Amino acid sequence: MKINDFRLEVYFGEHEFSAPYLLGQSDCEAMTVRELLSYESDSEKAFMDSWLGYTEVAGSDELRTQIAQLYSQMNSDEIIVHSGAQEAIFNFMNVLLNKGDHVITMFPTYQSLFEVANAIGCQVSQWNLRQGNKGWVLDLEELEALVTPQTKLICINTPNNPTGYTLTDEESARIIEIARAHNIYIFSDEVYKGLELDGIKRSWIADQYEKAVTLGVMSKAYGLPGLRIGWIATKDQEMIESMMKYKHYTTICNSATSEYLATVALKNGQRILNRNLEIIKHNLEASDEFFEKYSNLFTYNKPMCGPIAFHKLNLEIPIRQFCDTMVKEQGVLLLPADMYFFEGNYFRMGYGRKNFKENLKHFENYLIKKEMTDKVIKD
Ligand SMILES: Cc1ncc(COP(=O)(O)O)c(C=O)c1O
């Protein structure tokens, strides 16, 4: 299969490990193995005794049991563990889709959620998030209007990367209703779930619809991307079997040590989510202040859930040029909208890291140095 470059990963590849002030990252603050093991007594010895043989294709029973407990309707045999979320997206799309199928994808979104379908030869329609007066908005009637007799899949990403928009349970129920009426699969990337800033927990889509496939991961809300542990949850047993067979050609099974560490993390999942939520809330206080101070320069779109948001720069300078110059001259990394194929002067900002405030200061210093702070908003 030929597939286009992953723009965001290419951009991060250029800057992520050289820019000193990261302000666009999507994961929460990571931790050391030692810190993670300190959440669970006796886990250090068990970790050292981990067996480094091949592991079960679907993931260890213990890990799948922990994952299933996140849901209200899932059993461990309705879960398949993958190497990160990315492998699961790639395998799912390849199992379900054929050339000529129609796919509707929430947009903007993480590139693989439409690029893999493109590479297979599907026709992909965008269901657009739009800038409203108080953040991002989605039109459910628009979704229904996009459905055709060839539509095989609706792909949603909630909480959304890059906007931080999250569906309410009522909105999810309506999407399920549309999908059910037309016998369409839903792929629901929910890798940022668990960090709801309004304190209202959202239900997982796979708990509510028999043709829904939900994606979860340790990388984002739990801040453990180095584990490379993601998973699929679905009631569709045929899908589970087909994805297991597909995985025989990608990674076969997961790292034994990562499975063990992910199990420890999920046993202490709520504590880790609380830790990360605290970091985000703390950072948002500084962010509120910053965007209030510079409301002449930016449209501030506070996230609804998770550690990322998509704000607008209201200056004449193109966002790509703005971000490229800033990382070069000041070492501050933001993610420009063209990484999402999104038109408009938007940039992604990440709130999950402990050094956010310090990095924001470098962003401000850059604006001051470039004499941008007093500029007046364009029409
Ligand atoms: C919405 C979304 N899905 C999937 C992924 C891939 O996650 P992972 O790095 O765990 O493979 C990402 C990573 O940024 C993401 O933002």
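Structure's up top.
Residues numbered from 1 in each chain as written. Predicted model: local features only at pLDDT ≥ 70, side-chain atom pairs only at ≥ 80, totals over all residues. Heavy atoms only, no water.

Colleague: Which parts of the structure should I look at to understand helix 5 (residues 84-96)?
Modeller: The terminal C-alpha atoms of helix 5, which comprises 13 residues, lie 19 Å apart, in line with the 18 Å expected from a rise of 1.5 Å per residue. Taken across its 13 residues, helix 5 has ten buried, putting it largely inside the fold. All buried positions along helix 5 are accounted for by Gly84, Ala85, Glu87, Ala88, Ile89, Asn91, Phe92, Met93, Asn94 and Leu96. (Helix = DSSP H or I, 4+ residues; strand = E, 2+ residues; numbered from the N terminus. Expected span 1.5 Å × (residues − 1). Buried < 20%, exposed > 50% of the residue type's maximum accessible area, 1.4 Å probe, protein only.)

Colleague: How should I be thinking about helix 1 (residues 7-15) in this particular structure?
Modeller: Residues of helix 1 that are buried include every one of Leu8, Tyr11, Phe12 and His15, and no others. For helix 1, the buried positions fall inside an angular range of 95 degrees around the axis, keeping them on one side. Among the exposed residues of helix 1, those pointing more than 90 degrees away from its buried face are Gly13 and Glu14. Taken together, the buried residues of helix 1 touch helix 12 (319-330), strand 13 (332-333), strand 14 (335-336) and strand 15 (346-350). (Arc of directions from axis to C-beta. Contact = heavy atoms within 4.5 Å.)

Colleague: How should I be thinking about the pairing of strand 7 (residues 151-157) in this particular structure?
Modeller: Where a strand is regular, its side chains alternate between the two sheet faces. Summarising burial for strand 7: six of the seven residues are buried, a large majority. Both strand 7 and strand 8 (residues 185-189) contribute to a ladder of five bridges, which runs parallel. Following the sheet pairing, Leu153 is matched in strand 8 by Tyr185. As for the winding sense of the linkage, the β-α-β connection from strand 7 through helix 8 (residues 169-181) to strand 8 is right-handed. (Pairing = 2+ DSSP bridges. Right-handed = clockwise from strand over helix to strand, strands pointing away.)

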